[in-house]
Amino acid sequence: MKKTFCILFSLIASLGAVAQAQSIELKPVWESDTTLRTPESVLFDPGQNVLYVACINGNPKLENKSSYIAKVGLDGKVMQLKFTDNLNSTKGMGLLGNKLYVTEMTQVAEIDLKTGKILNRYPIEGAKFLNDIAIDTKKGIVYVTDSNDSKVWAITNGKASLLLSGDPLKGTNGLLFENDQVLIGNGDGSLLSLNPATKQLSTLGKVTGGIDGIVALGNKTYMVTEWGGKIWYVRADGTTELKMDTSGQKINSADIGYNPTTKILFVPTFFHNTVKAYSLK
């Protein structure tokens, strides 16, 4: 009996240790100034150790042509407020070689990383509200979501083709490319994994609302955000844990960025007009 009790106690302790190891905490590090107007997306560039921040600068409408990309240091200081200007309701971004790709309402802009100049624009036929971007850097494919049309597009060599539409896609937003899979933040709160070759879909986890941003932490764990102000931790077993909720303060959490070396998460606060940095412990 005593031996059985010891084994049981040891097992419970081990399970508790595993659960604790699978949990993380967000610790505030810095907050930018409010010159970043309506920041929707943050992208970490490991090559230059800088952040690119897509600022809608107003409302995300077709008529808005005053959006811009800001260049921000890893300390939260704005290095160049308008690295690229005169964009149309900018949102998600991705890097491919020496180019930065960013969604506009109905097209994707291709920007020179050295100069900030727009090199090309790739229109997507019938697009309604292009949102996030994820890039397969090996194959040179730029994946794009259309939130108002519940579709995922693929741009290859400047040509757009429809990758996926229809059920279960609904209000598709966040995107991440990892291990030859396209991860999709669905409007119903599901984090989906898509094999682009076979079109096979699986569900990795689910939160309470539409997923805006997705970053990978390694070992099939993720941080995802809901635009309204919620930040979630998604474990490898599909369970989720709410790590922060600023919705009551009307502070949004849009399309996040992540520095895996320093384990710093960058959160654009949209109408709060700042970017906040948190360390993951």
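In the block above lies the structure referred to throughout.
Model, not experiment: these values are computed from the prediction.

**Re the packing of aromatic side chains**
Taken as a whole and judged by the stated rule, the model has 6 aromatic pairs. Judged by centre distance (5.2 Å) and plane angle (80°), the rings of Trp227 and Phe270 are edge-to-face. Here the residue Trp227 occupies a position in the loop between strand 19 (221-226) and strand 20 (230-234), and Phe270 occupies one in the loop between strand 23 (264-268) and strand 24 (275-280), the gap between them amounting to 43 residues. For Trp227, a relative accessible area of 37% puts it in the partly exposed group. For Phe270, a relative accessible area of 5% gives the class buried. Each member of the aromatic cluster is reached from another via a ring pair, and the members are Trp227, Phe270 and Phe271. Between Lys91 and the ring centre of Phe129, over which it is positioned, the NZ or CZ distance is 4.3 Å.

**Side note on the sheet that holds strand 21 (residues 240-245)**
Paired through their backbone hydrogen bonds, the strands of a sheet run either parallel or antiparallel. One open sheet holds the 4 strands; their spatial order is 18-19-20-21, and the pairing between them is antiparallel. Each edge of the open sheet is held by one strand with a lone partner, namely strand 18 (211-218) and strand 21. On average, each strand axis in the sheet is tilted by 20° relative to the strand beside it, whichever way the strands run. In this structure, strand 19 lies alongside strand 20, joined through 5 bridges in antiparallel fashion. The partner of Glu226 across the bridge, within strand 20, is Lys230.

**Description of the environment of Lys206**
Within the element layout of this structure, Lys206 appears in strand 17 (residues 201-206). Remark: the alpha-carbon pair of Lys206 and Gly97, spanning 109 residues in sequence, is separated by 33 Å.

**A few points about the pattern of salt bridges**
On inspection of all chains with the given rule, the structure shows 7 salt bridges. Across the pair Glu104 and Arg121 runs a salt bridge, and its minimum N-O distance is 2.7 Å. Of this pair, Glu104 sits in the loop between strand 7 (99-103) and strand 8 (107-112) while Arg121 sits in strand 9 (residues 118-123), placing them 17 residues apart in sequence. Residue classification places Glu104 among the buried residues on the basis of a relative accessible area of 1%. Exposure remark for Arg121: the relative accessible area of 34% places this residue in the partly exposed category. Salt-bridge contacts for Asp149 lead to Lys128; the nearest nitrogen and oxygen are separated by 3.6 Å.

About the criteria used
- Residues numbered from 1 in each chain as written.
- Predicted model: local features only at pLDDT ≥ 70, side-chain atom pairs only at ≥ 80, totals over all residues.
- Heavy atoms only, no water.
- Phe/Tyr/Trp six-rings, centres within 6.5 Å; stacked < 30°, edge-to-face > 60°.
- Helix = DSSP H or I, 4+ residues; strand = E, 2+ residues; numbered from the N terminus.
- Buried < 20%, exposed > 50% of the residue type's maximum accessible area, 1.4 Å probe, protein only.
- Lys NZ or Arg CZ within 6 Å of the ring centre and 35° of its normal.
- Pairing = 2+ DSSP bridges.
- Axes fitted to C-alpha atoms, helices over the stretch in contact; angles between N-to-C directions.
- Salt bridge = Lys/Arg side-chain N within 4 Å of Asp/Glu carboxyl O.

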